[in-house]
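One-letter residues, chain by chain:
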Amino acid sequence: MISLLGEHYCKLDSKGRVILPVAIKKQIPTKDEGIFVINRGFEKCLVLYTKSEWSKKTKEINKLNAYVAKNRKFIRYFYRGATELKLDASNRLLIPKMLKGYAFIEKEIVLFAHSNKIEIWDVASYESLIDDEPKDFEDLAENVMGNINIDDDDE
């Protein structure tokens, strides 16, 4: 699994394309270079995966029992709007119009790379989310991470 990192403020051009920052591009494995899948995120953002990370996500979701109604509903919403994207010769990605509308994206965006994905946010939405930092982040960290045992063998 890849491990992406970085927070990049970018602008879309008049056609809705964004240049993938060099700092992110350098983190993409050669086998994945240039091919991505974008879909809807959970908090009105978009999520960009490399093609191989998307394949892993698809395998995970395909394990869901489609005879269970809530699973079918999740599967439909998760895949809704999913689109394969390819970097053009100028290292730009064209963000589909329908997905831009979903995430309220107009011109200025933030590419927030973490774990195996890149979240794409409208700047105002992202800054609002970040400004809403919990008053006691220490308690949140303890509640979320406190029961995880870190094993040195996982490195």
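Since we're looking at a predicted model, the values are computed, not measured. (Residues numbered from 1 in each chain as written. Predicted model: local features only at pLDDT ≥ 70, side-chain atom pairs only at ≥ 80, totals over all residues. Heavy atoms only, no water.)

(A) Here's a closer look at the packing of aromatic side chains. Following the criterion strictly, the structure yields 7 aromatic pairs and no others. Where Trp54 meets Phe78, the ring centres are 5.6 Å apart and the plane angle is 10°; that geometry is what we call stacked. Of the two residues, Trp54 sits in helix 2 (residues 51-61) while Phe78 sits in helix 3 (residues 69-79), which places them 24 residues apart along the sequence. When its relative accessible area of 9% is taken as the criterion, Trp54 is described as buried. (Phe/Tyr/Trp six-rings, centres within 6.5 Å; stacked < 30°, edge-to-face > 60°. Helix = DSSP H or I, 4+ residues; strand = E, 2+ residues; numbered from the N terminus. Buried < 20%, exposed > 50% of the residue type's maximum accessible area, 1.4 Å probe, protein only.)

(B) Spotlight on unusual backbone geometry. Although it is not a glycine, Lys44 sits at a positive phi angle of roughly 55°. Mapped onto the secondary structure, Lys44 falls in the loop between strand 3 (35-40) and strand 4 (46-50). Despite not being glycine, Asn91 has its phi angle at roughly 60°, a positive value.

(C) Here's a closer look at the state of the cysteines. Tallied over the full model, the rule gives 0 disulfides. No disulfide involves Cys10; its sulfur sits 15 Å from that of Cys45, the nearest cysteine. Classification of Cys45 as buried rests on a relative accessible area of 1%. (Disulfide = S-S within 2.5 Å.)

(D) Representation of the pattern of salt bridges. Applying the stated criterion across every chain, the model contains 6 salt bridges. Between Lys11 and Glu108 there is a salt bridge, with the nearest N and O atoms lying 4.0 Å from each other. Residue Lys11 is found in strand 1 (residues 4-11), and its partner Glu108 is found in strand 7 (residues 108-115); the two are separated by 97 residues along the sequence. Look at Lys11 and you get exposed, because its relative accessible area is 54%. Residue classification places Glu108 among the partly exposed positions, given a relative accessible area of 41%. (Salt bridge = Lys/Arg side-chain N within 4 Å of Asp/Glu carboxyl O.)

Worth remembering: the numbers are spatial, not functional.
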